[in-house]
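# Coordinate analysis (summary)
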2 protein chains.
Amino acid sequence: MKMNTRNKEACVVVFSGGQDSTTCLLWALKKYKEVVAVSFDYGQRHKAELDCAKEITDELNVEWHVMDMSLLNQLAPNSLTRSDIKVQEEAPADDVPNSVVDGRNMLFLTFAAVFAKQRGITDIITGVSQSDFSGYPDCRDVFIKSLNTTLNLAMDHTFCVETPLMWIDKADTWKLADDLGGLDMVRHKTLTCYNGIKGEGCGNCPSCKLRKEGYEKFLKKYKNS
Amino acid sequence: MKMNTRNKEACVVVFSGGQDSTTCLLWALKKYKEVVAVSFDYGQRHKAELDCAKEITDELNVEWHVMDMSLLNQLAPNSLTRSDIKVQEEAPADDVPNSVVDGRNMLFLTFAAVFAKQRGITDIITGVSQSDFSGYPDCRDVFIKSLNTTLNLAMDHTFCVETPLMWIDKADTWKLADDLGGLDMVRHKTLTCYNGIKGEGCGNCPSCKLRKEGYEKFLKKYKNS
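In this report, we go over the structure that sits alongside the text.

What counts and what doesn't
Residues numbered from 1 in each chain as written. Chains lettered and ligands numbered in written order. Predicted model: local features only at pLDDT ≥ 70, side-chain atom pairs only at ≥ 80, totals over all residues. Pairing = 2+ DSSP bridges. Helix = DSSP H or I, 4+ residues; strand = E, 2+ residues; numbered from the N terminus. Axes fitted to C-alpha atoms, helices over the stretch in contact; angles between N-to-C directions. Contact = placed C-beta atoms within 7 Å. Parallel < 35°, antiparallel > 145°, perpendicular 65-115°, else oblique. Left-handed = near helix turned anticlockwise from the far one by under 90°. Nonpolar A, V, L, I, M, F, W, Y, C, P; charged D, E, K, R; others polar. Least-squares fit on C-alpha atoms with pLDDT ≥ 70 in both. Buried ≥ 20, exposed ≤ 12 C-beta atoms within 10 Å, placed from the backbone.

### Looking at the sheet that holds strand S5 (residues 160–162) of chain A
All names here are of chain A. Within the open sheet, the 5 strands sit side by side as S3-S2-S1-S4-S5. Their pairing is parallel. Where the open sheet ends on each side, the last strands, each with one partner, are strand S3 (63–68) and S5. Each strand axis lies, on average, 25 degrees off the axis of its neighbour in the sheet, ignoring direction. Here 6 bridges tie strand S2 (residues 34–41) to S3, and the two strands are oriented parallel to one another. Its bridge partner lying in S3, Val38 is registered against His65. With respect to the sheet, helix H1 (residues 19–31) is in contact with strand S1 (10–14), S2 and strand S4 (123–125), its orientation differing from that of S1 by roughly 170 degrees.

### A short note on unusual backbone geometry
All names here are of chain B. For Asn61, which is not glycine, the phi dihedral falls at a positive 60 degrees. If you trace the backbone, Asn61 turns up in the loop between helix H2 (48–60) and strand S3 (63–68). Positive phi, normally seen in glycine, also occurs at Asp156, with a value near 50 degrees. With respect to the element layout, Asp156 can be found in the loop between helix H5 (141–155) and strand S5 (160–162).

### Things to note about the packing of helix H5 (residues 141–155) of chain A against H5(B)
Viewed as axis vectors pointing N to C, H5(A) and H5(B) meet at an angle of 150 degrees, and their least axial separation amounts to 9 Å. Considering the angle they form, H5(A) stands roughly antiparallel to H5(B). Note that H5(A) runs across H5(B); the crossing there is left-handed. The residues of H5(B) that touch H5(A), namely those facing A:Val142, A:Phe143, A:Ser146, A:Leu147, A:Thr149, A:Thr150, A:Leu153 and A:Ala154, are B:Val142, B:Phe143, B:Ser146, B:Leu147, B:Thr149, B:Thr150, B:Leu153 and B:Ala154. Looking at the contact of H5(A) with H5(B) residue by residue, the classes come out as 10 nonpolar, 6 polar and no charged.

### Section: the relation of the copies chain A and chain B
Superposition record for chain A on chain B: RMSD 0.0 Å, screw rotation 180 degrees, translation along axis 0.0 Å. The superposition operator between the copies reduces to a two-fold rotation axis. Comparing interface residues between copies, 100% of those in chain A also lie at the interface in chain B; the contact surface is shared.

### What to know about the sheet that holds strand S2 (residues 34–41) of chain B
Residues and elements named next belong to chain B. Ordered by their spatial adjacency, 5 strands build an open sheet running S3-S2-S1-S4-S5, and the pairing between neighbours is parallel. At either end of the open sheet lies a strand with only one pairing partner, and these are S3 and S5. Between one strand axis and the next, the sheet turns by 25 degrees as a mean value, whatever way the strands run. Bridge count for strand S4 (residues 123–125) against S5 is 3 bridges, and the pairing is parallel.

### Section: the interface of chain A and chain B
Accessible area lost during the coming together of the parts is what is often quoted as the interface size. Each partner contributes residues to the interface: chain A has 32 residues there, and chain B has 32 residues. At the level of secondary structure, the elements contributing two or more residues to the side of chain A that touches chain B comprise S3, helix H3 (70–75), helix H4 (104–118) and H5 of chain A. Here the side of chain A that touches chain B takes 10 residues from H4(A), the largest share from any one element. Class assignment of the residues belonging to the side of chain A that touches chain B gives a composition of 17 nonpolar, 7 polar and 8 charged.

### Looking at the environment of B:Leu50
All names here are of chain B. For Leu50, the position within the fold is in helix H2. The exposure class assigned to Leu50 is partly exposed, which follows from the 18 C-beta atoms found within 10 Å. When near neighbours in sequence (up to four residues on either side) are disregarded, Leu50 contacts Gly17, Ser39, Asp41 and Val66.

### Some thoughts on helix H6 (residues 170–179) of chain A
All names here are of chain A. Taken together, the buried positions of H6 are occupied by Lys170, Thr173, Trp174, Lys175, Leu176 and Ala177. Taken together, the buried residues of H6 touch H1, helix H7 (183–189) and helix H8 (206–222). Of the residues trailing H6, Gly181 is marked for its positive phi of about 75 degrees.

Structural data, given as structure tokens:
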């Protein structure tokens, strides 16, 4: 089926059960009549991510699918998928952090697009952000725009990849969750910690630090506390 | 590992065991010191394709890997992967043939690129051709160029996607195989037939007709017969 127009009624959300994609899911639920969440199982060290995704989509009554991407793990072993490699606390100055799975966002978004087209959906939501870029090349706006063009050429379909968090920092991502009425859900039910601890996490890994600093900045900037 | 320069010594060939990719493999063996062939198992109706790929890479003494892409089949059921759907003999006037797996070339080339980067390889060879386009959007030159840009942005790597067959027809693909000393191999050991018959095939499916017409045109144009 060819589709030459945008379908503004429905979307697919690429959903990990973390802070960013949960905020995107809440955003999508305000904007679209039909929302479908897709998660990827690529041998993450913390299956807890998928448990969080299930709990959140159940609570929000959102259709949810998990896709098997274990092949990715075979191709690009790294510190988020192999328990024998330690996560670097700081990114090396001259390279991306070793928590990167090469091509991960490209593959996730392409699979999400194949799935979306089957359902007559054109809009795909992803929580990538250039603001907390951290050296990941596939979080950049220029990558997303190029990918959007390539997807449309590959499948002759009018995909629109939407990135509500592209230009906002973690503090404003907390603000967005709050505005959408989801602050408590994002605080307590999402998982972003590299050590697999839900909510506030271990407090020490790079992801927990970024999350905590963002939350404190949000409180200061918007809550006078 | 970042790579800001092209590695002209090595390449990855996306290899199905058919006429086009076998010709590309022969082409690559003349051009590069190190050649690695990758095939994809996505639940093709004819596992014979992978048998041909094995036989050819064994004979040419080429390193060969098979990647599991069964997820693609779950997402986009169609006539090349499901035995309960009949292959259309002619493409419908208003749409692509139903033998298309949406996003197939994009996923294959992206997986090949992740694999190539792991090996420090930048060049990726694919046998797509705009000349015998047949309605497949992901065989077009504009798609390949867009994909190449997206891959480079996604992984911060200098991929060069090479398409030796992009602008030549089936007759000149036979000519290329002949020039490379591989005419007999391509005639007898490759599989392109939709009904899974090696070499000259069933003779009746759209793929066999295209192959045969090309071969006859090649004989007439270059062999005076």
